[in-house]
Structure formats: structure tokens, C-alpha cells
Amino acid sequence: MASEIKKLERRNKARKKINELSSKEEHVLVIHYSCESFYDRPEGQTPRVTSIAVRNYESGQTTSFSIHKIAELKHVEFAEIQQNYDMLEKEMLQEFYDYMKHHSSHYWIHWNMRDINYGFPALEHRFKILGGEPYILDDSKKVDLSRVLVALYTNGYAPHPRIVKLMEMNFITAKDLLDGPGEAAAFENKDFVKLHQSTLRKVDVFCNFLGRTLDGSLITKSTWWELNGGSLKALGEFISNNWIFTLIAGVVGIAAGIYTFI
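Caption draft 1: Layout of the overall build of the chain. For the chain, the helix and strand inventory stands at 10 helices and 5 strands. Residues classed as buried in the chain amount to 44% of the 262 residues present.

Have a look at this one:
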């Protein structure tokens, strides 16, 4: 179990990051992408990326990248998209990485985009497989909103599935939003527009979560004690781990006892 001091340190670090984002809203981007299912892949291939959306938090302007948009630009008929997946995905990722390189000084807010299954490493790997050379964004510019919320509001801030439950608690509508399996099914059914709309909607939802976190209005399941009791526990842990404070407390206690006796 993590010590209360460590938890408090993580919370303070998260608050510092939130304050930093609040002071630089014009340089904050929110990203989400959709892909094939990364389950049921016995040969271990990374899932194909189908749609990416990046939204500027301050302006609300959204830049999107998708297979079906590239197909339209390349005059690839809908019936021929599947046989041209590799070319279309590569073109889409090339556009995305050109955009990322141009916005490398921005903060990129994401939700659990941390590993080769789903995340920045997965995007990089897909582009390499297709013969591209991805731009590697510095980790200091990536901010995982899901982890920030845990640090700020504790693990119990929302039940699973957290995105959906947090939306319900904050009265955010789920219009056009698909869950992971839903997005994978949409890809299999070649519902590219539906898939892209879901990607755009999730970026909008994450911007909503971020905005409420920045202004302190996010509704969670966390209790007052969960948000503040840790600080009191951390103080007790700090005192018990530092003999000088324990000694002083003991001396003060003895002195108080003597004074009372006298």
C-alpha cells in the first residue's frame, strides 16, 4: 500500500500540473483515437488505427485524421477502402505526425494512451510497420487525464466504466459516443463516419472533464474525508517517521502534565 505521504505528493503534483495547464490553455490539446479491437488478436498484431481527433482546449477547434477522409481525398471508392487500408492508414498517420511535430510545444491531454496496446507507443508502432517515421513527442508534454483524476480525487472518484459513469454524474450526454467494443464493431462493419463521430465526441467529453477539473466543478464520488483525510494521515505518518518531532511531542506532553500537576 502506498504511504499517505506518497499519495499526498502525487496529489500536490497533479494540482501543480492542473494549475500549469490552466495558465496555458491556448497550448493545451486534447487527443483521442479509435482503432480495431486490441483483444482477440492471437498473432499479436497491433490494431489498425482508423481515426484520430485533436482539439485545442481554449479555442475548441478540432483537427481530425481518418481513413475515410483520406480515401475521399485520394478518390478511393468506398468499396475499395479495405483493399487500400495500408496506404490510407499510412497517409493518415503521416498527416497526424506532421501536425504533432508542428505542435510539439503544446501539452497533449489524453485518456490512458500509455502503452503498445493503446497509446502513443501503439501509434508510433503502427506508423513504423507501414514504413513511416513517427515524430516522438517528449513524455513531459503528455498528460494522462485519467491518472490526474485519480491523484486528485482518489481511486473511488468514479465507478467503472469511469468515462461513462463520470459523464452520468456530470450530466454529460453520450450522443454519438461508442465504447471500445462499439468502436471496434463499427470498424468491422465499415461504419467509418459513425466511428469518426465517436472519436470526435470523446475528445469533446475529455475537454469537458478537463474544464470542470480546472475550475473545480467536476462532480465525483469522493467524500470530504477521502479528499482531505489523507493530508491528516500524512501528517501523522510524517511525525511518526521523524524522531525529532516525536521527541518534541513527548517533551511537550510531559511538560503539559507537569504544569497540570503543579
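Caption draft 2: Expanded view of unusual backbone geometry. Omega for the peptide link from His160 to Pro161 comes to -5 degrees, which places this bond in the cis form. Examined against the element boundaries, Pro161 turns out to sit in the loop between helix H5 (145–153) and helix H6 (162–169). Non-glycine residue Asn112 carries a positive phi angle of around 60 degrees. If you trace the backbone, Asn112 turns up in the loop between strand E4 (107–110) and helix H4 (120–129). On the basis of relative accessible area, Asn112 is assigned to the partly exposed category, the value being 34%. One non-glycine residue with positive phi stands out, namely Phe171, at about 55 degrees.

Caption draft 3: Fine view of the sheet that holds strand E5 (residues 142–144). Pairing is mixed across the open sheet formed by 5 strands, whose spatial order is E3-E2-E1-E4-E5. Edge strands, defined here as strands with exactly one partner in the open sheet, are strand E3 (62–66) and E5. Each neighbouring strand pair of the sheet contributes to a mean axis angle of 25 degrees, computed without reference to strand direction. Bridge analysis of strand E2 (residues 49–56) against E3 gives 5 bridges, and the strand direction is antiparallel. Counterpart to Ser51 in the pairing with E3 is Ser66. Packing against the sheet, helix H3 (residues 85–102) makes contact with strand E1 (28–35), E2, E3 and E4, and its axis sits at approximately 20 degrees to E2.

Caption draft 4: Examining the side chain of Lys142 more closely. Along the chain, the position of Lys142 falls in strand E5. There is a polar contact of 3.5 Å between the side chain of Lys142 and the backbone oxygen of Leu137. A distance of 2.9 Å separates a polar atom in the side chain of Lys142 from a polar atom in the side chain of Asp139. Once residues lying within four places of it in the same chain are set aside, the contact partners of Lys142 are Trp108, His110, Phe120, Glu124 and Leu137.

Caption draft 5: Focus on the packing of H5 against helix H8 (residues 192–215). Orientation of H5 relative to H8, taken along the N-to-C sense of each, is 30 degrees, at an axis distance of 11 Å. Considering the angle they form, H5 stands roughly parallel to H8. Where H5 crosses over H8, the two elements pack in a sense that is left-handed. Facing H5, whose interface residues are Leu145, Leu149, Leu152 and Tyr153, H8 presents Phe206, Phe209, Leu210 and Thr213. For the contact of H5 with H8, a count of residues per class yields 7 nonpolar, 1 polar and no charged.

Caption draft 6: Expanded view of the packing of H6 against H8. Axis separation between H6 and H8 bottoms out at 11 Å; the angle between their running directions is 60 degrees. By the angle between their directions, the pair H6 and H8 is classed as oblique. In this structure, H6 meets H8 at a crossing whose hand is left-handed. Counting all contacts with H6, which are made through Ile163, Leu166 and Met167, the residues of H8 involved are Val205, Phe206 and Phe209. Looking at the contact of H6 with H8 residue by residue, the class counts come to 6 nonpolar, no polar and no charged.

Caption draft 7: The arrangement of H5 in detail. Across the 9 residues that make up H5, a large majority, 7, are buried. One or two steps after H5, the chain reaches Thr154, where phi turns positive at roughly 75 degrees.

Caption draft 8: How the structure looks around the packing of aromatic side chains. Counting across every chain of the model gives 14 aromatic pairs. Centre to centre, the rings of Phe65 and Phe96 are 5.7 Å apart; their planes meet at 80 degrees, and the pair counts as edge-to-face. Of this pair, Phe65 sits in strand E3 while Phe96 sits in helix H3; the two residues are 31 residues apart in sequence, bridging distant segments of the chain. Considered together, Phe65 and Phe96 belong to a single accessibility category, that of buried residues. Residues Trp111 and Phe209 carry aromatic rings whose centres are separated by 5.9 Å and whose planes lie at 50 degrees to one another, so their mutual orientation is tilted. Remark: Phe209 occurs in helix H8 and Trp111 occurs in the loop between E4 and H4; sequence separation between them is 98 residues. In this structure an aromatic cluster arises from ring pairing among Phe65, Phe96, Tyr97, Tyr99, Trp108 and Phe127. We note Lys141 situated over the ring of Tyr107; from NZ or CZ to the ring centre the distance is 4.6 Å.

Rules used throughout
- Residues numbered from 1 in each chain as written.
- Predicted model: local features only at pLDDT ≥ 70, side-chain atom pairs only at ≥ 80, totals over all residues.
- Heavy atoms only, no water.
- Helix = DSSP H or I, 4+ residues; strand = E, 2+ residues; numbered from the N terminus.
- Buried < 20%, exposed > 50% of the residue type's maximum accessible area, 1.4 Å probe, protein only.
- Pairing = 2+ DSSP bridges.
- Axes fitted to C-alpha atoms, helices over the stretch in contact; angles between N-to-C directions.
- Contact = heavy atoms within 4.5 Å.
- Polar contact = N/O pair within 3.5 Å; in protein donor to acceptor, adjacent residues only side chain to side chain.
- Parallel < 35°, antiparallel > 145°, perpendicular 65-115°, else oblique.
- Left-handed = near helix turned anticlockwise from the far one by under 90°.
- Nonpolar A, V, L, I, M, F, W, Y, C, P; charged D, E, K, R; others polar.
- Phe/Tyr/Trp six-rings, centres within 6.5 Å; stacked < 30°, edge-to-face > 60°.
- Lys NZ or Arg CZ within 6 Å of the ring centre and 35° of its normal.

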